[in-house]
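# Examining the three-dimensional arrangement
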Amino acid sequence: MKYIITTLGCKVNQYETQAMETMLQERGHAPAAEGERADAVIINTCAVTAESGRKSRQAVRHLETAHPEAAVVVCGCWSQISADEAKEIGADVVFGSGDKHELVDAIEKAVADKQAENASVVEQIDDPFHRNLFEELPAGAVAGRTRAMLKIEDGCLNFCTYCVIPFTRGRVRSLPLEAAARQAKQLQDEGYRELVITGIEIASYGSDLPGKPNLADCVEAIAAAAPEIRLRLGSLEPTVITEDFARRIAATGRVCPHFHLSLQSGCDKTLKNMNRKYDTARFYECVEVLEKYFPGCAFTADLITGFPGETLEDQAETLEFIRKCRFSDMHIFPYSVRPGTKAEKMPGQVTKNEKARRAHEAQKVADEMHRTYMENCVGKTIEVLFETHDGNLWHGHGANYCTVVAEGENLRGLVKNVKISGISGENLVGEVV
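The structure displayed is predicted, hence computed values, not measured ones.

### With respect to a nonpolar patch on the surface
Taken together, the side chains of Ile81, Leu157, Phe159 and Phe167 define a hydrophobic patch exposed on the protein surface, amounting to about 340 Å² of accessible area. Mapped onto the fold, Ile81 is located in helix α3 (residues 77-81).

### Here's the deal with the packing of helix α12 (residues 312-325) against helix α13 (residues 352-377)
It is at 10 Å that the axes of α12 and α13 come closest, and there the two elements cross at 15°. As summarised for this structure, α12 and α13 are arranged roughly parallel, according to the angle between their axes. Between α12 and α13 the crossing geometry is right-handed. On α13, the residues touching Leu312, Gln315, Leu319, Ile322 and Arg323 of α12 are Glu354, Arg357, Arg358, Glu361, Ala362, Val365 and Met369. Class assignment of the residues belonging to the contact of α12 with α13 gives a composition of six nonpolar, one polar and five charged.

### Notes on the packing of aromatic side chains
Applying the stated criterion to the full structure yields 10 aromatic pairs. With a centroid separation of 6.2 Å and an interplanar angle of 40°, the aromatic rings of Tyr278 and Phe283 are classed as tilted. Of the two residues, Tyr278 and Phe283, both sit in the buried class. Ring-pair connections join several aromatic residues into one group, and the members of that group are Tyr278, Phe283, Phe321 and Phe327. A cation over an aromatic ring shows up here: Lys324 above the ring of Tyr284, its NZ or CZ 4.3 Å from the ring centre.

### A few points about helix α8 (residues 215-225)
Residues of α8 that are buried: Leu215, Ala216, Cys218, Val219, Ile222 and Ala223. In an axial view of α8, the angular spread of the buried residues amounts to 160°, which keeps them on one side of the axis. Capping the start of α8, Asn214 holds a side-chain oxygen 3.1 Å from the backbone nitrogen of Ala216, two or three residues further along.

### A few points about the nonpolar core
Grouped together as the largest cluster of nonpolar side chains are 86 residues, with contacts concentrated most on Ile222, Phe259, Phe327 and Met330. Non-local contacts of Met330, meaning those with residues more than four positions away in its chain, are made with Leu263, Ala301, Leu303, Ile322, Ala366 and Met369. Judged by nonpolar contacts, the second largest core, of 32 residues, contains Ala38, Val60, Met274 and Tyr335.

### Re the pairing of strand β9 (residues 194-199)
Counting buried positions along β9 yields six of six residues, so the element is predominantly enclosed. Of the two faces of β9, both are covered, the one formed by Glu194, Val196 and Thr198 as well as the one formed by Leu195, Ile197 and Gly199. Relative to β9, strand β7 (residues 147-154) runs parallel, the two being bridged by six bridges. Residue pairing for β9: Met149 is matched across the bridge by Val196. Looking at chain direction, β9 and strand β10 (residues 230-233) are connected through four bridges and run parallel. Bridged to Leu195 within β10 is Leu231. For the crossover from β9 across α8 to β10, the handedness is right-handed.

### Considering unusual backbone geometry
With the exception of glycine, the majority of residues adopt a negative phi angle, and the majority of peptide bonds are in the trans configuration. Despite not being glycine, Gln264 has its phi angle at roughly 80°, a positive value. Assessed through its relative accessible area of 9%, Gln264 is described here as buried. Backbone geometry at Asn410 places phi at a positive 50°, although glycine is not the residue there. When its relative accessible area of 63% is taken as the criterion, Asn410 is described as exposed.

### A short note on the sheet that holds strand β13 (residues 329-334)
With parallel pairing, the three strands of this open sheet are ordered in space as β11-β12-β13. The sheet terminates laterally at β11 (258-264) and β13, the two strands that pair on one side only. Ignoring which end each strand starts from, the neighbouring axes of this sheet average 15° apart. In this sheet, strand β12 (residues 298-305) lies alongside β11 in parallel orientation, the contact comprising five bridges. Along β12, the bridge assignment pairs Leu261 with Ala301. Strands β12 and β13 of the sheet are contacted by α13, whose axis makes an angle of about 175° with β13.

Reading guide: rules and limits
Residues numbered from 1 in each chain as written. Predicted model: local features only at pLDDT ≥ 70, side-chain atom pairs only at ≥ 80, totals over all residues. Heavy atoms only, no water. Patch = residues over 30% accessible without salt bridge, like charges linked within 9 Å, V, L, I, M, F, W, Y side chains within 5 Å. Areas by Shrake-Rupley, 256 points an atom, 1.4 Å probe, with all protein chains shown as cover. Salt bridge = Lys/Arg side-chain N within 4 Å of Asp/Glu carboxyl O. Helix = DSSP H or I, 4+ residues; strand = E, 2+ residues; numbered from the N terminus. Axes fitted to C-alpha atoms, helices over the stretch in contact; angles between N-to-C directions. Parallel < 35°, antiparallel > 145°, perpendicular 65-115°, else oblique. Left-handed = near helix turned anticlockwise from the far one by under 90°. Contact = heavy atoms within 4.5 Å. Nonpolar A, V, L, I, M, F, W, Y, C, P; charged D, E, K, R; others polar. Phe/Tyr/Trp six-rings, centres within 6.5 Å; stacked < 30°, edge-to-face > 60°. Buried < 20%, exposed > 50% of the residue type's maximum accessible area, 1.4 Å probe, protein only. Lys NZ or Arg CZ within 6 Å of the ring centre and 35° of its normal. Arc of directions from axis to C-beta. Polar contact = N/O pair within 3.5 Å; in protein donor to acceptor, adjacent residues only side chain to side chain. Core = buried A, V, L, I, M, F, W, Y, C linked by side-chain atoms within 4.5 Å. Pairing = 2+ DSSP bridges. Right-handed = clockwise from strand over helix to strand, strands pointing away.

Printed below as a string of structure tokens:
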């Protein structure tokens, strides 16, 4: 069987896609080459915003048109809550955000039925709040990469007013410590040199496990099992960042000095309306404590502009706050109305043009901070994992997550210290020392 997979959304979706590919290839199936006929097209969808849902539908229609004889397989968060719509636009297999092992079985059956002209829609949508166990999947990365992902948690019970993810992923479920350590060691033995620890809401890791281990416990277990691999944490809720947390993860000596903090707004009123579990004072405490244990570390963040009820004064407050935090980079989104959320019905909805204007205004500030951060890297020595090359120019990710370019021979998969001498576009440029 030849297949094509398209992935939308977050790192968890990317992780689950590579796991599906691993399972498919273990059964003898292979990705279709460019221009080759595919027997199955698989779309791993996203529903975090209304725009994500639109892109998911668009991807299904595009692949169905491009491969009319293939079985159309739709899975992920969008199909979890929009199964009927997925069937209406031509899906042969409709799964949600769980049961990836059973999904592989369903794909094989759908392809066989399609080829036998005996096709019927296979649908398996559960209630995510009834999921009690973490579904362990093969860890790793798509072929050829030097960085791998390890999913340690699924689910979220924060119920932010703009978000449907609790309804697509369900309650918090965690990978046991011993399983996380085992998978990390396996990835180290396979030659990976960076491990991205990811999940839907990793700050809640362990709250469902016996003894209630926390995220710091998990990081320590992974670092002990795989001491030759550097670790990068996925998006962090400020609620998990304490003095003890920062001290313990720094003591491993393996955690990259780059932290993606889940901000969303720099205005306390807006954070309260979003039902976030912190205010700006608590958020800035996180920045300070991480800087204490990781001097010069890089901070990145997500920001939503034009949330219902946000005024121009609130926007100005947000811009002032992000300047104070000195982010090295930001992902900025105009607020997208998501049907079924509390925010959909909130008063004070901001017009589309004004949301875009505020996003552009925030992006200008973010770009200035990004440039300042990169300029401050010049003259410093940064640890870089090299991944790809163009001739004798090698590209890799610094421990601070900046892209770094340096000359060399056969640096792929090696971690080297690089003295930064300048900036070229969005890349730092330097020499291996």
